[in-house]
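# Close look at the chain arrangement
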Amino acid sequence: MEPYIVIRKGDWKLIYWYIDGKSELYNIPADISEKNNLAENQHEITKKLAGELGKYLKSVGAKPPIDKKSKIPLAYPDEILK
């Protein structure tokens, strides 16, 4: 399974996939089954949550996964979603 990380804030849930830097954004009360990815349409919310998540990970010293082939750390969410 690919490495990912999730942040939930209020009605919103952001899933960030480390390998390809893709994001999924869901409004949980409106889409409990998470079928309608709003990351493209709600870019500001996606960017805000990615920023908060990246800032938190760095503040607690969490290291991102390492790419198996290149041995280089993968990007934090806030480094991709600007």
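This text gives an overview of the structure that appears in the document.

The next thing to look at is helix H1 (residues 43-59). Counted at 1.5 Å a residue, the expected span for H1 with its 17 residues is 24 Å, and the 24 Å between its end C-alpha atoms agrees. Among all positions in H1, only Thr46, Leu49, Ala50, Leu53, Gly54 and Leu57 are buried. Buried residues of H1, viewed axially, fall in a sector of 135°; they line one side. Seen from the open side of H1, the exposed residues pointing more than 90 degrees away from its buried face are Glu44, Lys48, Lys55, Tyr56 and Ser59. Contact partners of the buried residues in H1: strand E1 (4-9), strand E2 (12-17), strand E3 (23-27) and helix H2 (77-80). Count one or two residues on from H1 and you reach glycine 61, which has phi positive near 75°.

This next bit is on the packing of aromatic side chains. According to the stated counting rule, one finds two aromatic pairs in the structure shown. Ring centres of tyrosine 4 and tryptophan 17 lie 4.9 Å apart, and the angle between their planes is 45°; on these two criteria the pair is classed as tilted. One end of the pair, tyrosine 4, is in strand E1; the other, tryptophan 17, is in strand E2, with 13 residues separating them in the sequence. Given the relative accessible area of 40%, tyrosine 4 is considered partly exposed. When the centroid spacing of 5.2 Å and the interplanar angle of 80° are considered together, the rings of tyrosine 16 and tyrosine 18 count as edge-to-face.

Here the focus is the pairing of E2. Consecutive side chains along a regular strand alternate between the two faces of the sheet. E2 sits mainly inside the fold: six of its six residues count as buried. Covered by surrounding structure in E2 are Trp12, Leu14 and Tyr16 together with Lys13, Ile15 and Trp17, the residues of both alternating faces. A loop of two residues connects E1 with E2, the two strands running antiparallel in sequence, and glycine 10 in this loop sits at a positive phi of about 60°. Across five bridges, E2 lies against E3 in antiparallel orientation. Its bridge partner lying in E3, tyrosine 16 is registered against serine 23. Hairpin connection of E2 to E3: five residues between the antiparallel strands, including glycine 21 at a positive phi of 70°.

A word on the sheet that holds E1. Read across the sheet, three strands follow the order E1-E2-E3 without closing on themselves; strand pairing throughout is antiparallel. Bordering the open sheet on either side are E1 and E3, each of which pairs with just one other strand. Taken over all neighbouring pairs, the strand axes of this sheet differ in orientation by 15° on average, direction set aside. Against the sheet, H1 makes contact with E1, E2 and E3, and its axis sits at roughly 110° relative to E1, the strand it touches most.

About the thresholds
- Residues numbered from 1 in each chain as written.
- Predicted model: local features only at pLDDT ≥ 70, side-chain atom pairs only at ≥ 80, totals over all residues.
- Heavy atoms only, no water.
- Helix = DSSP H or I, 4+ residues; strand = E, 2+ residues; numbered from the N terminus.
- Expected span 1.5 Å × (residues − 1).
- Buried < 20%, exposed > 50% of the residue type's maximum accessible area, 1.4 Å probe, protein only.
- Arc of directions from axis to C-beta.
- Contact = heavy atoms within 4.5 Å.
- Phe/Tyr/Trp six-rings, centres within 6.5 Å; stacked < 30°, edge-to-face > 60°.
- Pairing = 2+ DSSP bridges.
- Axes fitted to C-alpha atoms, helices over the stretch in contact; angles between N-to-C directions.

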